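Inside the fold
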Amino acid sequence: MYGSKGGIDQYRKTTKAIDTDDPHRVIALLLAGAIERTGLARAAIDRSDLQGKLAAVQSALGIVDGLRLSLDRQAGGEIAEGLESLYDYIAQRLVEANVENDTAKLDEVVRLLREIETAWAAIPAQLRAAHPSEHAGA
């Protein structure tokens with residue numbers, strides 16, 4: 001469902017290099033990275049670390065935006081459209097959480113990203129292997 005590697009580039013900026021030969025694994029790593037960064041933002045709010053919160057939220061936003069921009073709307077159809085709306089909502093909640101120092105909104109973002117991550121992980125290996133280009137993103 002993804003047509004480019006925008007999210008990969010963002011993730012590489014904040015983590016070690018990843019193998020891009022397995023698109024399914026790349027998306028799994030991107031989702032995990034967004035979840036991790038959101039958790040870091042929450043922890044930063046808890047300890048009143050505004051700089052740490054801002055850095056973590058910006059990183060999470062970059063990854064989510066990369067995932068959204070990389071969606072292949074033609075191949076993904078309704079699923080891609082639904083994910084685009086969900087990624088837009090997640091980005092909005094990240095911005096709101098940042099401005100308001102609202103950990104509940106960050107918790108919501110983590111919950112939503114984990115739901116996507118769970119669905120992504122549930123794609124059978126045989127299906128991924130048979131259609132690698134169709135499953136190049138969540």
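In the block above lies the structure referred to throughout.
The notes below deal with the structure included here. (Residues numbered from 1 in each chain as written. Predicted model: local features only at pLDDT ≥ 70, side-chain atom pairs only at ≥ 80, totals over all residues. Heavy atoms only, no water.)

Observations concerning the overall build of the protein
Of regular secondary structure, the protein possesses six helices and zero strands. Moving toward the C terminus, one meets the helices and strands of the protein in the order α-α-α-α-α-α. Looking at the protein residue by residue over its 138 residues, the buried ones come to 43%. On the protein, roughly 7,200 Å² of surface is accessible, and the fraction owed to carbon and sulfur atoms is 52%. (Helix = DSSP H or I, 4+ residues; strand = E, 2+ residues; numbered from the N terminus. Buried < 20%, exposed > 50% of the residue type's maximum accessible area, 1.4 Å probe, protein only. Areas by Shrake-Rupley, 256 points an atom, 1.4 Å probe, with all protein chains shown as cover.)

Considerations on the environment of Asn98
The topology assignment puts Asn98 in helix α4 (residues 73-100). Using a relative accessible area of 17% as the deciding quantity, one classes Asn98 as buried. A sequence separation of 45 residues divides Asn98 from Lys53, and the C-alpha atoms of the two residues are 7.3 Å apart. Ignoring sequence-local partners within four residues, the contact set of Asn98 consists of Lys53, Leu54 and Val57. (Contact = heavy atoms within 4.5 Å.)

With respect to the pattern of salt bridges
Throughout the structure, instances matching the rule amount to 13 salt bridges. Arg68 is paired through a salt bridge with Asp88; the nearest N and O atoms lie 3.1 Å apart. Placement of the pair is Arg68 in helix α3 (residues 50-69) and Asp88 in helix α4, with a sequence separation of 20 residues. Taking the shortest distance from any N to any O, the salt bridge between Glu108 and Arg93 comes out at 2.8 Å. Of this pair, Glu108 sits in helix α5 (residues 103-121) while Arg93 sits in helix α4, and the two are 15 residues apart along the sequence. Judged by relative accessible area, which is 17%, Glu108 ranks as buried. On the basis of relative accessible area, Arg93 is assigned to the buried category, the value being 18%. Overlapping salt bridges bring together Arg93, Glu96, Glu100, Asp102, Lys105 and Glu108 as one network. (Salt bridge = Lys/Arg side-chain N within 4 Å of Asp/Glu carboxyl O.)

Concerning the environment of Asp49
Along the chain, Asp49 turns up in the loop between α2 (23-46) and α3. Separated by 2.8 Å, the side chain of Asp49 and the backbone nitrogen of Gly52 make a polar contact. (Polar contact = N/O pair within 3.5 Å; in protein donor to acceptor, adjacent residues only side chain to side chain.)

Quick look at α5
With 19 residues, α5 should reach 27 Å at 1.5 Å per residue; the first-to-last C-alpha distance of 26 Å fits that figure. Its buried side turned inward, α5 meets α2, α3 and α4. The N-capping residue of α5, defined by a side-chain oxygen 2.9 Å from the backbone nitrogen of Ala104, is Asp102. (Expected span 1.5 Å × (residues − 1).)

Quick look at the side chain of Lys105
In this fold, Lys105 is placed in helix α5. A relative accessible area of 12% places Lys105 in the buried class. When sequence neighbours within four positions are dropped, the list of residues in contact with Lys105 reads Arg93, Glu96, Ala97 and Glu100.

Distances and angles like these do not, on their own, reveal function.
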